[in-house]
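Each chain, written out:
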Amino acid sequence: MSAKLIKICDVGAVAPGTHMQVRVPELGALAVYHVEGQFYVTADACTHMQGSLGEEGVLEGHVIQCTWHNGMFDIRTGEVLAPPCPAALRTYRVRLQDGAVYVEANGQ
């Protein structure tokens, strides 16, 4: 059975080396990252105090830092890299198709 794909944004909406917040009716707020030619999608809210990573986070390589309290995550896995984040960040499987970024609705 194939996973349901949900369109997040157009590929051109996220310049290389940047990220942004998107709001998707089925999934809520997500953060989309374009790093080293790859796209990654995570939950937008930091697991510590729910700061927006897509709007306020600082991206350096594959690491997103929440500017509220400096917690850090690996955008590829969601792994916590620096406190005070109590839990990993939700990540989504990404597919590029027809010039757009999609995530698998059932996927981590």
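Read on for a plain summary of the structure. (Residues numbered from 1 in each chain as written. Predicted model: local features only at pLDDT ≥ 70, side-chain atom pairs only at ≥ 80, totals over all residues. Heavy atoms only, no water.)

Observations concerning the sheet that holds strand β7 (residues 72-74)
Neighbouring strands of a sheet are bound in pairs by backbone hydrogen bonds; such pairs are parallel or else antiparallel. The condition that has to hold: Strand pairing is assigned whenever DSSP detects at least two bridges linking the two strands. Numbered from the N terminus, helices here are DSSP runs of H or I no shorter than four residues, and strands are runs of E no shorter than two. To get an axis, a line is fitted to the C-alpha atoms, and for a helix only the part in contact is used. The angle between two axes follows their N-to-C directions and goes from 0 to 180 degrees.
The four strands are arranged β5-β6-β7-β8 in an open sheet whose pairing can be described as antiparallel. In this open sheet, the two edge strands, each paired with only one partner strand, are β5 (58-60) and β8 (80-82). Within the sheet, the average angular offset between the axes of one strand and its neighbour, ignoring direction, is 30°. Here β5 runs beside strand β6 (residues 63-65); their pairing, made up of three bridges, is antiparallel. Opposite E60, over in β6, you have V63 as the bridge partner.

Thoughts on the environment of G54
Short version of the rule: Working definition: with a 1.4 Å probe on protein chains only, accessible area under 20% of the residue-type maximum means buried, over 50% means exposed, and in between means partly exposed. Any two residues having at least one pair of non-hydrogen atoms within 4.5 Å are treated as being in contact.
On the secondary structure map, G54 appears in helix α1 (residues 53-56). Judged by its relative accessible area of 7%, G54 is buried. Taking the C-alpha atoms as reference points, G54 and L30, separated by 24 residues in sequence, lie 7.2 Å from one another. G54 has contacts with H19, M20, Q21, A31 and D44, leaving out every residue within four places of it along the chain.

A few points about the state of the cysteines
Note the cut-off: Disulfides are defined in this document as cysteine sulfur pairs within 2.5 Å.
Counting across every chain of the model gives zero disulfides. Here C85 is not cross-linked by a disulfide; its sulfur's nearest cysteine counterpart is in C46, at 3.8 Å. Its relative accessible area of 9% is what places C85 among the buried residues.

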